[in-house]
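Coordinate analysis (summary)
The primary structure of each chain is shown beneath.
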Amino acid sequence: MTEAHDVTEADDVDVLVLRALGIGDFCTAVPALRGLRTRFAGERITLVAPDWLRPLVRLADAVDDLLPLDARTGLTEPLGPIGEVGVAVNLHGRGPESHRLLLATGPSWLLAYACPAAGFHDGPQYASDEHEVERWCRLVTWYGGSADPDDLALRVPEEPPLAKGATVVHPGGRSSVRWPVGRYAEVARTLVTLGHDVVVTGSADDHDAHLVGEVPGVRNVVGRTGVAELAALVAAARLVVSGDTGVAHLASAYAVPSVVLFDAMDPRRWGPPRLPRHQVLRHSSGRITAVHPADVVTAADRALSGASPS
């Protein structure tokens, strides 16, 4: 997607792919998108995704066009207006809403998981305990394609990073259950004393990120990074510390050592690649508050040294 081309009602669509979610959701779908690129070689691939995600979509080199839609609050509006759709692909969910949205475009062929509630009986069975990356690779493979779950890398943005070799601490995220801000602040303070160049990121209205950004010795870039700037910062980082959110998936995409804190969400579904440079912290109780700052600092050392998880 080298140009910022939007699909209009005059445009027919060769391959229409629905993944209208956030940063992490897009990153986990990149291997499947590349599998579709190979499966439908020579066809133009149009991704239905939020418009603000456009700079990151370009970095995957797997999509030609963008049809803007942010479906994180629901799939209530029809797609379009667009021309005729050849192949529609549901990389968004198990249905039925997402299936119905795509079926309403009148595609010649729908690639999706079986969903009787949407009247769609083709496709493989959805497995709720499957890792998100493998889930969509399996769908592409079932329909005759080939997708590599390890093919997560994104191209580095052309924008110069706000910092090079920094330790990025990202306290925010969309989860309603977050690690306490005071503990993020304690981790940031400790890392500074250990010689880390700590940079705190987050959205402009993220109160937790602003509080951590007030720790002496850290650089506060909260609210100053769009998606391209955030990707550039992570790509040039030494380490990323965050919850299970988009920044953690950017660390995986750029092979940057990371420490990722999980609450009740199972890392076997959303966790980073099982490599020593990515350390997952989740207490056996499932309570994120049971993870202590010392655990994070220790995990950071393991991630940087490449030691195997304990």
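Residues numbered from 1 in each chain as written. Predicted model: local features only at pLDDT ≥ 70, side-chain atom pairs only at ≥ 80, totals over all residues. Heavy atoms only, no water.

**Observations concerning a negative patch on the surface**
Together, D12, D14, E43 and E84 give the surface a local cluster of negative charge. With respect to the helices and strands, the residue D12 is situated in the segment before β1 (13-18). (Patch = residues over 30% accessible without salt bridge, like charges linked within 9 Å, V, L, I, M, F, W, Y side chains within 5 Å. Areas by Shrake-Rupley, 256 points an atom, 1.4 Å probe, with all protein chains shown as cover. Salt bridge = Lys/Arg side-chain N within 4 Å of Asp/Glu carboxyl O. Lys, Arg positive; Asp, Glu negative; His and termini not counted. Charge placed at Lys NZ, Arg CZ, Asp CG, Glu CD. Helix = DSSP H or I, 4+ residues; strand = E, 2+ residues; numbered from the N terminus.)

**Observations regarding the nonpolar core**
Membership of the largest hydrophobic core comes to 71 residues, with the highest contact counts inside it found for L56 and L154. Element by element, the count of residues in this core is highest for helix α1 (residues 23-39), at 7 residues. Excluding anything up to four places from it in sequence, L154 contacts C27, V30, R34, L56, L59, A60, L250, A253 and Y254. Ranked by size, the runner-up nonpolar core spans 25 residues in total, among them A185, A209, V215 and L281. (Core = buried A, V, L, I, M, F, W, Y, C linked by side-chain atoms within 4.5 Å. Buried < 20%, exposed > 50% of the residue type's maximum accessible area, 1.4 Å probe, protein only. Contact = heavy atoms within 4.5 Å.)

**Some points on the sheet that holds strand β8 (residues 219-220)**
With respect to topology, 6 strands assemble into an open sheet ordered β8-β7-β6-β9-β10-β11, the strand pairing being parallel. If you trace the sheet from one side to the other, it starts and ends with β8 and β11 (278-281), each paired once. Along the sheet, helix α8 (residues 246-253) makes contact with β6 (167-170), β9 (239-243), β10 (258-261) and β11, crossing β9 at roughly 145 degrees. (Pairing = 2+ DSSP bridges. Axes fitted to C-alpha atoms, helices over the stretch in contact; angles between N-to-C directions.)

**What to know about the environment of T28**
Secondary-structure assignment places T28 in helix α1. Sequence separation between T28 and L75 is 47 residues; the distance between their C-alpha atoms is 20 Å. Among all residues touching T28, those that are not within four sequence positions of it are R19, E132, V133, H249 and W270. For T28, the side chain forms a polar contact with the side chain of R19, separated by 3.0 Å. Polar contacts involving the side chain of T28 include one to the main-chain carbonyl oxygen of D25, which spans 2.9 Å. (Polar contact = N/O pair within 3.5 Å; in protein donor to acceptor, adjacent residues only side chain to side chain.)

**Some points on the pattern of salt bridges**
Applying the stated rule across the entire model yields 10 salt bridges. D51 is the partner of R54 in a salt bridge, and the nearest nitrogen-oxygen pair spans 2.4 Å. Looking at D51, the relative accessible area reads 39%, which means it is partly exposed. The shortest N-O distance in the salt bridge between R135 and E132 comes to 3.1 Å. Highlighted residues: R135 and E132, both in helix α4 (residues 132-142), separated by 3 residues, approximately one helical turn. The class of R135 is buried, set by a relative accessible area of 0%. By relative accessible area, which is 5% here, E132 ends up buried.

**Considering the pairing of strand β2 (residues 45-49)**
For β2, the buried fraction is high: 5 of the 5 residues fall into the buried class. Neither face of β2 is open: one carries I45, L47 and A49, the other T46 and V48, and all of them are buried. Inspection of the sheet shows β1 paired to β2 by 4 bridges, in the parallel sense. When the sheet's bridge partners are listed, L16 is paired in β2 with T46. On the question of chirality, the crossover connecting β1 to the parallel β2 by way of α1 is right-handed. (Right-handed = clockwise from strand over helix to strand, strands pointing away.)

**Things to note about the packing of aromatic side chains**
A complete count under the given rule lists 6 aromatic pairs for this structure. Between Y113 and Y126, the ring centres sit 5.5 Å apart and the planes meet at 85 degrees, which makes this aromatic pair edge-to-face. Pair noted here: Y113 is in the loop between β5 (109-111) and α4 and Y126 is in the loop between β5 and α4, with a separation of 13 residues, a long-range link. Given a relative accessible area of 0%, Y113 falls into the buried group. An aromatic cluster is present here, built from F40, W109, W142 and Y143 joined pairwise through their rings. One Lys or Arg, R39, reaches over the ring of F40 and ends 4.9 Å from the middle of that ring. (Phe/Tyr/Trp six-rings, centres within 6.5 Å; stacked < 30°, edge-to-face > 60°. Lys NZ or Arg CZ within 6 Å of the ring centre and 35° of its normal.)

**Side note on the sheet that holds β5**
Pairing is parallel in the open sheet, where 5 strands are placed in the order β3-β2-β1-β4-β5. Two strands close off the open sheet at either side, each with one partner strand: β3 (65-68) and β5. Going across the sheet, the axis of each strand differs from the next one's by a mean of 25 degrees, ignoring polarity. Sheet topology places β2 next to β3; 4 bridges connect them, and they run parallel. Residue pairing across strands places L47 opposite L66, the latter belonging to β3. Packing of α1 onto the sheet brings it into contact with β1, β2, β4 (85-90) and β5, and relative to β2 it is tilted by some 160 degrees.

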